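Residue-level structure breakdown
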Amino acid sequence: MKEFFGFGGYQRTPEGYMSKEHLIFVISMLAVMAALAVILGVKNKNKTLSQKNDALIVSAFLIDGFELFKIVLLCFRSENAMNWIYNLPLFLCSLQLITIPVAAFTKGRTKNIALDFVFIFGLLGAVLGTIAAGNNYSSYPVLSFDNVVSAITHCISGFCCIYIGVSGMISMERKNVWIECLIFAFFCALAYIADILIPYNYMFMIRGDGTPYDLVYDLVNGNAVLYPILVAFSLIAYMLIFYAVAQMIRKTQKSKTAKNN
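First things first, this report covers the structure right here in the doc. Keep in mind it's a predicted model, so treat the numbers as computed, not measured.

On to the packing of aromatic side chains, then. Here the structure, examined in full by the defined rule, presents 20 aromatic pairs. Ring pairs connect the aromatic residues Phe117, Phe119, Phe121, Phe184, Phe187, Tyr238 and Phe242, which therefore count as one cluster.

Here it is in structure tokens:
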């Protein structure tokens, strides 16, 4: 247990990013995540919004509970009470620590905006935080506290994304797009300010650190101005494209329904 939690440092050599151990572990986690989301989503599809919401409430408590436990243990493990400044919710995946509880415990337009955020970024975060997490799996053994808790929280985000889609909770209303873009731009600005002041690498806006962002970093030769701008704009562009595709699918479904009637 001491080795699993990393007290005194991990003695095992990390199996490595994209090793068979890494891939078997994360693909298994993602498979369980997707299966649970589809099963519960189909089961609750025709239930009331309040009944559908129960899964999000449980997810909100779990994701924030695991993250809080991780922060406390990392501070205790490092014997540095200020270790929490390196665990602020300022990564793309960390956004779900806020949006899932908001989606679970609010109503009206606020709830719809939060549901959209979870639906748009939940599955992307799950994949980036497991399969593409070269920063973690190059540094820690696969079955270690750091990687297991990270995989759990990222998979909770992915679960909520798929569940929201399958159960029919999505709104994807066009009037909310500009608000969500502004909120996300503000979030990116906070991450960049924290990166400069701490310093750290929230949202990977300083460097790629073994993630797919390395491709963007190499593209601009590590330019300190262009790189963070491209990271932010690429994610906002992803959000807009996601919205556009969702609107196209919705129009197609309405057209088919109208023809059948």
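Counted at 1.5 Å a residue, the expected span for helix H7 (residues 145-167) with its 23 residues is 33 Å, and the 32 Å between its end C-alpha atoms agrees. Across the 23 residues that make up H7, a large majority, 20, are buried. Downstream of H7 by a residue or two, Gly168 has a phi angle that is positive, lying close to 85°.

This part covers the packing of helix H3 (residues 49-78) against H7. Two measures define how a pair of helices packs: the angle their axes make with one another and the distance between the axes. Close contact between H3 and H7 brings their axes to 10 Å; oriented N to C, the two are set at 165°. What the angle tells us is that H3 and H7 run roughly antiparallel. The way H3 lies across H7 gives a crossing that is left-handed. Tallied by class, the residues present in the contact of H3 with H7 amount to 16 nonpolar, four polar and five charged.

Attention now goes to the pattern of salt bridges. Between side chains of opposite charge, a pair can form as their charged atoms come close. Counted according to the given criterion, the structure contains six salt bridges. A salt bridge links Glu21 to Lys20; the shortest N-O distance between them is 3.4 Å. A relative accessible area of 32% places Glu21 in the partly exposed class. Its relative accessible area of 59% is what places Lys20 among the exposed residues.

For the rest of this paragraph, the subject is the side chain of Ser167. For Ser167, the position within the fold is in helix H7. Since its relative accessible area comes to 1%, Ser167 is described here as buried. Here Tyr163 takes part through its backbone oxygen, which lies 2.7 Å from a polar atom of the side chain of Ser167.

Topologically, Asp146 is positioned in helix H7. Side-chain polar atoms of Asp146 contact the side chain of Arg77, separated by 3.0 Å. Every residue in contact with Asp146, bar those within four places of it in the chain, is listed here: Tyr10, Leu74, Arg77 and Tyr140.

With that out of the way, let us pick up the state of the cysteines. Within the structure shown, the criterion is met by zero disulfides. Free cysteine: Cys93, not disulfide-bonded; nearest cysteine sulfur from Cys155 at 11 Å. No disulfide involves Cys161; its sulfur sits 8.9 Å from the nearest other cysteine sulfur, which is in Cys160.

Structural remark: α-helix, 3.6 residues per turn; residues separated by three or four positions point the same way. An ideal rise of 1.5 Å per residue puts 44 Å on 30 residues; H3 measures up with 43 Å between its terminal C-alpha atoms. Of all the bends in H3, the largest measures some 25° and sits at Ala55. Phi for Glu79, located one or two positions after H3, is positive at around 55°.

Calculation notes
- Residues numbered from 1 in each chain as written.
- Predicted model: local features only at pLDDT ≥ 70, side-chain atom pairs only at ≥ 80, totals over all residues.
- Heavy atoms only, no water.
- Phe/Tyr/Trp six-rings, centres within 6.5 Å; stacked < 30°, edge-to-face > 60°.
- Helix = DSSP H or I, 4+ residues; strand = E, 2+ residues; numbered from the N terminus.
- Expected span 1.5 Å × (residues − 1).
- Buried < 20%, exposed > 50% of the residue type's maximum accessible area, 1.4 Å probe, protein only.
- Axes fitted to C-alpha atoms, helices over the stretch in contact; angles between N-to-C directions.
- Parallel < 35°, antiparallel > 145°, perpendicular 65-115°, else oblique.
- Left-handed = near helix turned anticlockwise from the far one by under 90°.
- Nonpolar A, V, L, I, M, F, W, Y, C, P; charged D, E, K, R; others polar.
- Salt bridge = Lys/Arg side-chain N within 4 Å of Asp/Glu carboxyl O.
- Polar contact = N/O pair within 3.5 Å; in protein donor to acceptor, adjacent residues only side chain to side chain.
- Contact = heavy atoms within 4.5 Å.
- Disulfide = S-S within 2.5 Å.
- Bend = angle between axes of the 7 residues up to and from the residue.

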